[in-house]
Amino acid sequence: MAKKLLIGLGAALAVAVIALVAVATWVDANRYKPQIETLVKEKTGRTLKMEGDLSFSVFPRIALNLPKTTLSNLAGERVALSVNSARISAAWLPLLRGRIELGRVAADGLSATIERRLDGSTNLDDLIAPKSPSASTVPSPNTPAKASKPPQFEVGGISLTNADITIDDRMGGTVIHLSQMNLYTGKLATRSSTPVELDVTYSLTAPEASGHLKVNGKIDLDLLAHVYGAQRLEAELKGVVDKAPLEITLEAARLSVRPATEGTAVAAEGLKLQLKGPLSGMHFDSGRVVARKLDFDPVLLDFSVLGLEAHAQGRRGPDTFDVKARLSKLLASRDEASGNALDVSVRLSGSQSLEGRVQLDGLSGRSQALTASKFTLAASTTVHDATGNPRHIHAQFSGPARASLEARTLTLPSFNGEFGIDDARLPNKGFKLPMELSLKLDLKQESLLSSLKIKFDDAPATADLEIKGLLSEGAARQILLQAKAERFNLDRYMVWTTPPPATPEKAPAKDKAATVDTPIDWSGLRDLNLNAE
């Protein structure tokens, strides 16, 4: 009985296959081109034209081969999308189970123009935006919203050859042109890890830029967990920005990004970035970032840095910069934290000079209560007055520091150091002032509390500062300042210019009617909410 049943099912399946092959062989798909074009016009308002033979097959997969095809914009006066040829196919058995499993989607000569208008809308919104629901399908306010799940899909891969895409971003004020684009991916699914290759030539109008981009590696997609990443990633960009050459190379053994409402988690391993050329208003003569590991999760309050080294040299306008950073280890979680040897140095020269250094050592605690045994800040600069006389200003402070990533607070309980000025015109050619600073910064409450103790000529002076609405503007930011000094010899800390000799002749009396007092402009203080004593 079972044998007969199997024979019957096999015969039925064979008949079905023969029938499908016969349909694909005898039915001319070109007969339906006018109906397809008419249907697209009725549903979208756009004009579809297919030049050449349209082919359709059903075995072993349902497959559709498009000839040269164009789709107009809504107005119908120009082409918005075109393709020289394209092929798409789907497997039979998944369709019977209500699942779409596509084969490789291939397109040659794809050309598209995407416009983003000043109001943020695009010329493709009518094709990709869902239709407004009818009154019968609109849920009532008391109906609980259902969490949307990403669609279950599977695509054998994507192949684009000789693609040409123009993005006219009127809202951003630039036009991006991607030409000679070739894209290849392996199998894609709701959860997948697949190779990817991208080769494209690009150009922009603002800023004026052009060049070539290559990307190779493996991409990781998990739409259910909302995690996106890459493995063995290699990217190279060579181009020109405002007629200046730009080169960027990126290598990473692993990259991952997990967006969330509370913040985006980022992770990287084996990271190497090199940069040379103009970027973000600066020109990098050389730039390099290397890290064995970089992880940051704002939701779990976990972050880790291992083997970070960075060095950048270049210029911004008339000024040059040299920035170095090194961090051997920094680990923090809700349970524990440890780290050492953070060292950052900055040197600016040109229209302004500045040298600064930040050092952090002895990290312990946990992410909600981080403690650094030693936090050091040092800075110095040289300024010149109108006659070219130099004045060297320097300061250095150090002490323990406490911070909380969860509460977004920073506390410097006892930050000791000195502030000094070197100037040949000052008494003793300069001075140094011992200082003791305490500070508490709370970004959630937008507040800052600070207390400063200084010694002038062995006489103490204090200053207390409180700022409320730190991130606000205008009168919403309240500033309270109290300062007190027992004795202060101003002559020791100031350079006085010699007044001109008095003229012996009596100056003629001025006509009071002709005298006009120039009022002082106090408009800069109009929105300042300051209370000082």
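Everything below is about the structure shown above.
Residues numbered from 1 in each chain as written. Predicted model: local features only at pLDDT ≥ 70, side-chain atom pairs only at ≥ 80, totals over all residues. Heavy atoms only, no water.

Engineer: Tell me about the overall build of the protein chain, residues and numbers included.
Structural biologist: Across its full length, the protein chain holds four helices and 29 strands. Out of the 533 residues in the protein chain, the part that is buried amounts to 26%. Long-range pairs, those at least 24 residues apart, make up 45% of the contacts in the protein chain with a sequence separation of at least 6. If you sum the accessible surface of the protein chain, you get close to 34300 Å²; carbon and sulfur atoms cover 59% of it. (Helix = DSSP H or I, 4+ residues; strand = E, 2+ residues; numbered from the N terminus. Buried < 20%, exposed > 50% of the residue type's maximum accessible area, 1.4 Å probe, protein only. Contact = heavy atoms within 4.5 Å. Areas by Shrake-Rupley, 256 points an atom, 1.4 Å probe, with all protein chains shown as cover.)

Engineer: Now, about the nonpolar core: what can you tell me, with residues and values included?
Structural biologist: Ranked by internal contacts, the top residues of the largest apolar core, which has 16 residues, are Phe415, Phe431, Leu433 and Phe456. The leading source of residues in this core is strand β25 (residues 430-442), at four residues. Once you skip the residues sitting within four places of it in the chain, Leu433 turns out to touch Gly417, Glu418, Phe419, Ile454, Lys455, Phe456 and Tyr493. In terms of nonpolar packing, the next biggest core, distinct from the first, is built from 12 residues, Ala291, Phe303, Leu308 and Ala337 among them. (Core = buried A, V, L, I, M, F, W, Y, C linked by side-chain atoms within 4.5 Å.)

Engineer: Explain unusual backbone geometry to me, and be specific about the residues and the numbers.
Structural biologist: Geometrically, the link from Ala206 to Pro207 is a cis peptide bond, its omega value of -5° lying close to zero. By the secondary structure assignment, Pro207 is in the loop between β12 (191-205) and β13 (208-222). In this model, Arg232 sits at a positive phi of 45°, which is unusual for a non-glycine residue. Checked against the element boundaries, Arg232 lands in strand β14 (residues 227-241). Residue Arg232 is classed as exposed on the basis of its relative accessible area, which comes to 54%. A positive phi angle, near 60°, is found at Leu301, a position not held by glycine. Tracing the sequence through the fold places Leu301 in the loop between β17 (282-297) and β18 (302-316).

Engineer: Provide a residue-level description of the pattern of salt bridges, including the pertinent values.
Structural biologist: Within this structure, the stated rule accounts for 19 salt bridges. We note a salt bridge from Glu466 to Lys468, for which the minimum N-O separation is 3.8 Å. Three or more residues are tied together by salt bridges with common partners; here these are Arg78, Glu115, Asp168 and Arg170. (Salt bridge = Lys/Arg side-chain N within 4 Å of Asp/Glu carboxyl O.)

Engineer: Describe helix α2 (residues 33-44), naming the residues involved and giving the relevant values.
Structural biologist: For α2, built from 12 residues, the straight-helix expectation of 16 Å at 1.5 Å per residue is met to within 8% by its first-to-last C-alpha distance of 16 Å. Following α2 by one or two positions, Gly45 has its phi on the positive side, about 80°. (Expected span 1.5 Å × (residues − 1).)

Engineer: Tell me about the pairing of strand β4 (residues 68-72), residues and numbers included.
Structural biologist: The element β4 is extensively covered by neighbouring structure, given that four of its five residues are classed as buried. In this structure, strand β1 (residues 48-51) lies alongside β4, joined through four bridges in antiparallel fashion. Note that in β4 the partner of Glu51 across the bridge is Lys68. Relative to strand β5 (residues 79-83), β4 runs antiparallel, the two being bridged by four bridges. (Pairing = 2+ DSSP bridges.)

Engineer: Please give an account of the packing of aromatic side chains that cites residues and values.
Structural biologist: Per the counting criterion, the structure on display carries three aromatic pairs. When the centroid spacing of 5.7 Å and the interplanar angle of 80° are considered together, the rings of Phe284 and Phe321 count as edge-to-face. With a gap of 37 residues between them, Phe284 in strand β17 and Phe321 in strand β19 (residues 319-332) connect regions that are remote in the sequence. No difference in accessibility class separates Phe284 from Phe321, as the two residues are buried. (Phe/Tyr/Trp six-rings, centres within 6.5 Å; stacked < 30°, edge-to-face > 60°.)

Structural measurements only, silent on function.
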